[in-house]
Amino acid sequence: MSVTGGTGEVPMSAAVACAGVAVLLWGGPYLALRRAQLLLAGDETGGSGPPSWQDLTHGLRHVRARWRSEWWSPVVGLLVAVLGGSVLPVAAGVVGVPLLRRARRARSARRAGERRADAVIALCAALAGEVRSGRQPGEALQRAARDSGGLGEAQAAVLAAARFGGDVPGALTGAARQSGADGLLGLAACWRVAVDQGAGLAAGLDRLEGALRAERDQRADLRAQLAGARSTAVMLACLPVLGLLLGTALGADPLHVLLHTGAGLGCLLVGGVLEGLGMWWALRIMRGAEGV
């Protein structure tokens, strides 16, 4: 697809596209939200007065909560397509949506695992305190689990086993299959030793809590050391974009060369593949160093 009109067609198309995105992001959700607020307040006229700053702020937060980061990919692709006069950036933006969604979900799962690991440490500390206060292990586990939330989705099964004399170590082992809940395996071992051999449960929980805290601090320190390498990889990945911007500033029109010539399309394909492989390899090395 090529631009055959006058020189004002591309800016006009860009303006129309930007206006459409602005209406989509601001108008639709905001108008619906404004009407709902007025109806709940008893004003059925739909509201003809000017919107307040609080309404605008609330509407922006509502849009940002519903707008996922991966949907910026087709928006950027549409912008590049308008500037370069080709449909290829739009197709690339659409292809990037599932890839970015997968990366976002993996990042969310990793953060959830880290929060669960912190909750397991809090569970061990709370359980040790309850046992020292003289409570029975089953009752202490119930109170500590409600306060810390370290059992996650398997909390009901573990608490049922603790309340009715079931297999608490087995339930804890099953709960340890959740992401970030590996410390529950140690808690299950401490519980089994304390029940079967009469050993001190609180002392074992103290040692387990210390080991889990040390492991968490070690991971945090390693992640901080790898932050520089991660930033360098991201900066190197952005260098081709910087080159395109510099070429455009110098009047070379690199988008036309890349999107409308055979050599440019070949360079774009090879460069995109190499860019993707480089990022994948760098992230794999970092995940291996982190022990993920």
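Our structure is the block above this text.
Note that residues are indexed from 1 along each chain, following the sequence as it is written. With pLDDT at 70 or above as the cut-off, local features in this predicted model cover only qualifying residues; side-chain atom pairs require 80 or more to be listed or tallied, and sums for whole chains, interfaces and linings still use all residues. Note that water and hydrogens are dropped before the side-chain values are worked out from all heavy atoms of the structure.

Q: Help me get a handle on the overall build of the chain, residues and values and all.
A: Per the secondary structure count, the chain includes 12 helices and zero strands. Every helix listed is a DSSP run of H or I at least four residues long, and every strand listed is a run of E at least two residues long, numbered separately from the N terminus. Counting helices and strands in the order they occur from the N terminus, the chain gives α-α-α-α-α-α-α-α-α-α-α-α. Exposure is judged per residue with a 1.4 Å probe applied to protein chains only, and the accessible area is read against the type maximum: over 50% gives exposed, under 20% gives buried, and values in between give partly exposed. The 292 residues of the chain split such that 29% are buried. Every residue pair with non-hydrogen atoms within 4.5 Å of one another is taken to be in contact. Summarising the internal contacts of the chain: among those between residues at least 6 apart in sequence, 56% fall at separations of at least 24. Entry remark: accessible area of the chain is about 18300 Å², with carbon and sulfur atoms responsible for 64%. All accessible areas in this document rest on Shrake-Rupley with a 1.4 Å probe, and a residue is counted as covered only by the protein chains that are shown.

Q: I'd like a description of the pattern of salt bridges, backed by residues and values.
A: Side-chain pairing between opposite charges can occur once the charged atoms of the two side chains come close. Think of a salt bridge as a Lys or Arg side-chain nitrogen and an Asp or Glu carboxyl oxygen that are within 4 Å of each other. Tallied over the entire structure, the rule returns 11 salt bridges. For Glu139, the salt bridge identified is with Arg135, shortest N-O distance 3.1 Å. Of the residues examined, Glu139 reaches a relative accessible area of 39% and is grouped as partly exposed. Several salt bridges share partner residues, and in doing so they unite Glu130, Arg135, Glu139 and Arg143 into one network.

Q: Please provide a residue-by-residue account of unusual backbone geometry, values included.
A: A positive phi angle, close to 55°, is found at Asp253, a residue other than glycine. By the secondary structure assignment, Asp253 is in the loop between α10 (239-249) and α11 (254-260). On the basis of relative accessibility, which here comes to 43%, the residue Asp253 falls in the partly exposed class.

Q: Break down a positive patch on the surface for me, with residues and values.
A: To count toward a patch, a residue needs a relative accessible area above 30% and no salt bridge. Like charges then connect within 9 Å, nonpolar side chains (Val, Leu, Ile, Met, Phe, Trp, Tyr) within 5 Å. Note on charges: Lys and Arg go in the positive column, Asp and Glu in the negative column, and His and the chain ends are not counted at all. Note that the charge is assigned to NZ on lysines, CZ on arginines, CG on aspartates and CD on glutamates. Taken together, the side chains of Arg107, Arg110, Arg111, Arg115, Arg284 and Arg287 define a basic patch exposed on the protein surface. At the level of elements, α4 (88-132) and α12 (262-290) are the ones that each hand at least two residues to the positive patch. Take the positive patch: its biggest share by element is four residues, from α4. Of note, Arg107 is situated in helix α4.

Q: Quick rundown of the nonpolar core? Include the residues and the values.
A: Here, the term nonpolar core denotes a set of buried Ala, Val, Leu, Ile, Met, Phe, Trp, Tyr and Cys residues that are joined through side-chain atoms within 4.5 Å. With 34 residues, the main nonpolar core has Leu123, Leu127, Leu141, Leu151, Leu172, Leu184 and Leu187 as its most contacted residues. Contributions of two or more residues to this core are made by α4, α5 (137-148), α6 (155-163), α7 (168-175), α8 (183-197) and α9 (201-237). Top element by residues in this core is α4. It accounts for seven residues.

Q: Explain the packing of aromatic side chains to me, using residue names and the numbers behind them.
A: Two aromatic rings, drawn from Phe, Tyr or Trp (for Trp, its six-membered ring), form a pair once their centres lie within 6.5 Å of each other, and the interplanar angle then sorts them: stacked below 30 degrees, edge-to-face above 60, tilted otherwise. Applying the stated criterion to the full structure yields one aromatic pair. Seen from their ring centres, Trp280 and Trp281 are 6.1 Å apart, and the 50° between their planes marks the pair as tilted. By relative accessible area, which is 45% here, Trp280 ends up partly exposed. By relative accessible area, Trp281 is classed as partly exposed at 48%.

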